[in-house]
Amino acid sequence: MQKKKILLIGTGGTIASEIGEGGLAPELTSEQLLRHIPDISEICEVECVQLFSLDSTNIQPKHWARVAGAIRARYREFDGFVVSHGTDTMAYTAAGLSYLIQGSPKPIVLTGAQKPIGFETTDSKQNLRDALTVASSGEMAGVVLVFNGKIIMGTRARKTRSKSFEAFSSINYPLLGMVQDGRIIRYIRPESRAVPQFYDTVNPKVALMKLIPGADCDVAAYLLERNDALIIESFGVGGLPTYKAGDYYETVKAGLEAGKTVVMTTQVENEGSDLSVYHVGTNIKRNLPILEAYDMTSEAVCAKLMWILAQTTDRAWVEELFYTPVACDILMGR
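Residues numbered from 1 in each chain as written. Predicted model: local features only at pLDDT ≥ 70, side-chain atom pairs only at ≥ 80, totals over all residues. Heavy atoms only, no water.

Among the structural elements, threonine 155 can be located in the loop between strand S9 (150–153) and strand S10 (157–159). Relative accessible area serves as the criterion here: at 1%, threonine 155 is assigned to the buried category. Counting along the chain gives 141 residues from threonine 155 to methionine 296, while the straight-line C-alpha distance between them is 8.1 Å. A distance of 2.8 Å separates the side chain of threonine 155 from the backbone oxygen of alanine 327, its partner in a polar contact. (Helix = DSSP H or I, 4+ residues; strand = E, 2+ residues; numbered from the N terminus. Buried < 20%, exposed > 50% of the residue type's maximum accessible area, 1.4 Å probe, protein only. Polar contact = N/O pair within 3.5 Å; in protein donor to acceptor, adjacent residues only side chain to side chain.)

See below:
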């Protein structure tokens, strides 16, 4: 049987880092990474391309577009794609690519590591081997994240541990599968189209504000002034503070009247928001044209708004696109 052709796209991150005077920094190319797992040639044919070498803290939405563009340019040549990436913002990139490349019948797999590939004790080699195995298996489609044996939907991934090898979790959605001893145990196969839909641009003017007790609404006003959208991570099932005579309500109302988009979500990792439960939530849901994230991750909300606002600022169209599921990003709804 002919081996699948996979494109390995290097972007930097811990997996490609080496120790210098200032600490770890990405130095290795995708070709150098591949040399650490020579036995992968028994599974698939791999071609390498290095787009950039960045600590993922420095990855921006424009880099998501570059990765999507590289995949689009060579989509017909390969059976699957693997993106090696730093872990700290990998969930954002996975979500971003899920909106920039929709319905791909070919797998687009993100992976990385908690320890550099040159370290004696490292998760790099196994994660990279697993990612290439998934990309060449024919068992998956669309954008997924593969890490520590888990296969996670790109819109549902979140880094939940800062140091452990088991760094990522699937939020409010089951795992797509597992990789064990080089074998894929598939639970779910993502839906795909015959031909993927590619998008070229994102609008990075999206802000996220995490509420803390006593937070001043002036912060929200500042973020709304400087951005096209504001995501507010509230407490519990969601709501806005009322301790300053409705200042938050009026601040959000003014932002909406100025044509801004406001999304309410929750800081709680699992089970999502429900603004209809308490008065602090129902008041704004009934009276203001805000959006509610429900079971979406903040990473997915952020990336989805950037994708939407690059296409339209029309309030009705923004709302329609926001609540239309993409890659299983939202299960609950209006």
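So, on to a negative patch on the surface. Residues Asp218, Asp247, Glu250 and Glu257 make up a contiguous surface patch of negative charge. The element that contributes the greatest number of residues to the negative patch is helix H6 (residues 247–257), accounting for three residues. On the secondary structure map, aspartate 218 appears in helix H5 (residues 217–226). Accessibility expressed as a relative area gives 53% for aspartate 218, which makes it exposed. (Patch = residues over 30% accessible without salt bridge, like charges linked within 9 Å, V, L, I, M, F, W, Y side chains within 5 Å. Areas by Shrake-Rupley, 256 points an atom, 1.4 Å probe, with all protein chains shown as cover. Salt bridge = Lys/Arg side-chain N within 4 Å of Asp/Glu carboxyl O. Lys, Arg positive; Asp, Glu negative; His and termini not counted. Charge placed at Lys NZ, Arg CZ, Asp CG, Glu CD.)

Here the focus is the pairing of strand S8 (residues 142–147). Along any regular strand the residues' side chains alternate between the sheet's two faces. When you tally the buried positions in S8, you get six out of six residues, the bulk of the element. Both strand S7 (residues 107–111) and S8 contribute to a ladder of four bridges, which runs parallel. The residue bridging proline 107 from the neighbouring strand is glycine 142, located in S8. Alignment of S8 against S9, held across four bridges, turns out to be antiparallel. By the bridge assignment for S9, valine 144 is matched with methionine 153. (Pairing = 2+ DSSP bridges.)

With respect to the helices and strands, asparagine 127 occurs in helix H4 (residues 124–135). Engagement of the side chain of asparagine 127 in a polar contact is seen with the backbone nitrogen of asparagine 148, the distance being 3.0 Å. Once you skip the residues sitting within four places of it in the chain, asparagine 127 turns out to touch Thr111, Gly112, Ala113, Phe147 and Asn148. (Contact = heavy atoms within 4.5 Å.)

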